[in-house]
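# Survey of secondary and tertiary structure
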Amino acid sequence: MIISQVMQLITGIFEGLLGIPLFGGVYIMGSGYTPLFVMLILHIITLFLANRDGRWIAGSILGIVTSIIGFIPLVGMVLHWATCIVLIISVFQPKRY
């Protein structure tokens, strides 16, 4: 696995954890929304790495959007689930070119 795939897997797992009903919301709000900022930074790093390696970038872009509007309770939970799924799928996709 190359580093961009590892980052996609790590960010996908973290998004899945943040999308757990009640636990994710309590953790995010209890931490002063810091996890959303940390995930934003991780998604930006993953985007650059995946783009450099010719990997799929849709998961990282969706993750950036999720990190920006993920503070909305139910919308954030659904977006975390979607981002998790897209990122995990993108780990197993072939290169774009």
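Shown above is the structure to which this text applies.
Residues numbered from 1 in each chain as written. Predicted model: local features only at pLDDT ≥ 70, side-chain atom pairs only at ≥ 80, totals over all residues. Heavy atoms only, no water.

### Topic: the nonpolar core
Considering soluble globular proteins, one finds that nonpolar side chains tend to be buried as a cluster. Counting residues in each nonpolar core, the largest one holds 7 residues, listed as M7, L18, I28, L36, M39, L42 and L49. Counting only elements with at least two residues in this core, the list comes to α1 (3-18) and α3 (34-53). The dominant element in this core, judged by the number of residues it contributes, is α3, at 4 residues. Once residues lying within four places of it in the same chain are set aside, the contact partners of L36 are I28, S67, G70, F71 and H80. (Core = buried A, V, L, I, M, F, W, Y, C linked by side-chain atoms within 4.5 Å. Buried < 20%, exposed > 50% of the residue type's maximum accessible area, 1.4 Å probe, protein only. Helix = DSSP H or I, 4+ residues; strand = E, 2+ residues; numbered from the N terminus. Contact = heavy atoms within 4.5 Å.)

### As for the packing of aromatic side chains
What the rule picks out here adds up to 1 aromatic pair. When the centroid spacing of 6.2 Å and the interplanar angle of 10 degrees are considered together, the rings of F23 and Y27 count as stacked. Here F23 and its partner Y27 are both found in helix α2 (residues 23-30), 4 residues apart, which amounts to about one turn of the helix. The class of F23 is partly exposed, set by a relative accessible area of 47%. (Phe/Tyr/Trp six-rings, centres within 6.5 Å; stacked < 30°, edge-to-face > 60°.)

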